[in-house]
Amino acid sequence: MRTTSRFIPLLLAVVILSFLPTPGWAQTYASASERQLFDAANRERQNRGLPMFKWDEALAKAAHRHAVEMARQGTISHQFPGEPSLPARVTKAGARFTSLAENVAQAQSARQIHDLWMHSPGHRANLLDKDMDSVGIGVFERNRDLFAVEDFSKAK
C-alpha cells in the first residue's frame, strides 16, 4: 500500500505536465494549419542544427490580418495597394524587431504550403535564416484554399 501512495504524486505531475504547451508554442487559439506550419518550420530548422523558432503572438496577429486580406483579395501578395508595409503591420501589432522577413502562399493544405516554401529559394532562405529567432503564422481559409503568411523576425 505504501508503494502505491508514493506513485500518486508522480502520476499527478505527469498528468499536469501533459497539458502544458510544447516548448516554443505560446499561442492558445492557433488553427491546426498554423500549428502544422510552425511545427514543420521547426523540424526543418532542427534537422539542420538551427535554433528553433519562438512563437511571437504579435507577429502572428499581423500575419493573420494579412492572410485575411489576401483571402479577401483572392490572391497572394506581400503588400496590397493602400495596405501598410510589413514593418508597419508588425509594429502596429506590437512586435519589436531588428530584422523582418515574410513568406506568403495559397494552397489547399498546410503541407502543400510548406512544400511550396521549401522548394522556393527565397522562401526557403527565410525559413532557414539562422539570424531569425521568432515567427508568427496566420492562415485564413476561403473557398477551400488556405491563404498563409509566415512573418519572421530577429526579436529585440
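Structure shown above.
Residues numbered from 1 in each chain as written. Predicted model: local features only at pLDDT ≥ 70, side-chain atom pairs only at ≥ 80, totals over all residues. Heavy atoms only, no water.

K.L.:
Would you explain unusual backbone geometry in this entry?
P.N.:
Note: most residues except glycine have negative phi, and most peptide bonds are trans. The backbone of Asn143 shows a phi angle near 50°, a positive value even though the residue is not glycine. Mapping Asn143 onto the fold places it in the loop between β3 (134-142) and β4 (145-155). Overall, Asn143 belongs to the exposed group, its relative accessible area being 66%. At Arg144, a residue that is not glycine, the phi angle is positive and equals roughly 70°. With respect to the secondary-structure elements, Arg144 resides in the loop between β3 and β4. (Helix = DSSP H or I, 4+ residues; strand = E, 2+ residues; numbered from the N terminus. Buried < 20%, exposed > 50% of the residue type's maximum accessible area, 1.4 Å probe, protein only.)

K.L.:
Help me understand the pattern of salt bridges, please; the structure alone is not making it clear to me.
P.N.:
Considering all chains together, one arrives at five salt bridges under this definition. Linking Arg72 and Glu69 is a salt bridge whose minimum nitrogen-to-oxygen distance equals 2.8 Å. With a gap of three residues between them, Arg72 and Glu69 both fall in helix α3 (residues 57-73), about one helical turn apart. For Arg72, a relative accessible area of 58% corresponds to the exposed category. You can call Glu69 buried: its relative accessible area is 18%. Arg89 is the partner of Glu102 in a salt bridge, and the nearest nitrogen-oxygen pair spans 2.8 Å. In this pair, Glu102 is assigned in strand β2 (residues 97-107) and Arg89 in helix α4 (residues 86-92), connecting sequence segments 13 residues apart. A relative accessible area of 8% places Glu102 in the buried class. (Salt bridge = Lys/Arg side-chain N within 4 Å of Asp/Glu carboxyl O.)

K.L.:
When you look at the environment of Arg111 in this model, what are you seeing that I'm missing?
P.N.:
Looking at the secondary structure, you find Arg111 in helix α5 (residues 110-118). The exposed category is assigned to Arg111, whose relative accessible area is 66%. Taking C-alpha positions, Arg111 is 7.6 Å from Leu37, a pair spaced 74 residues apart along the chain.

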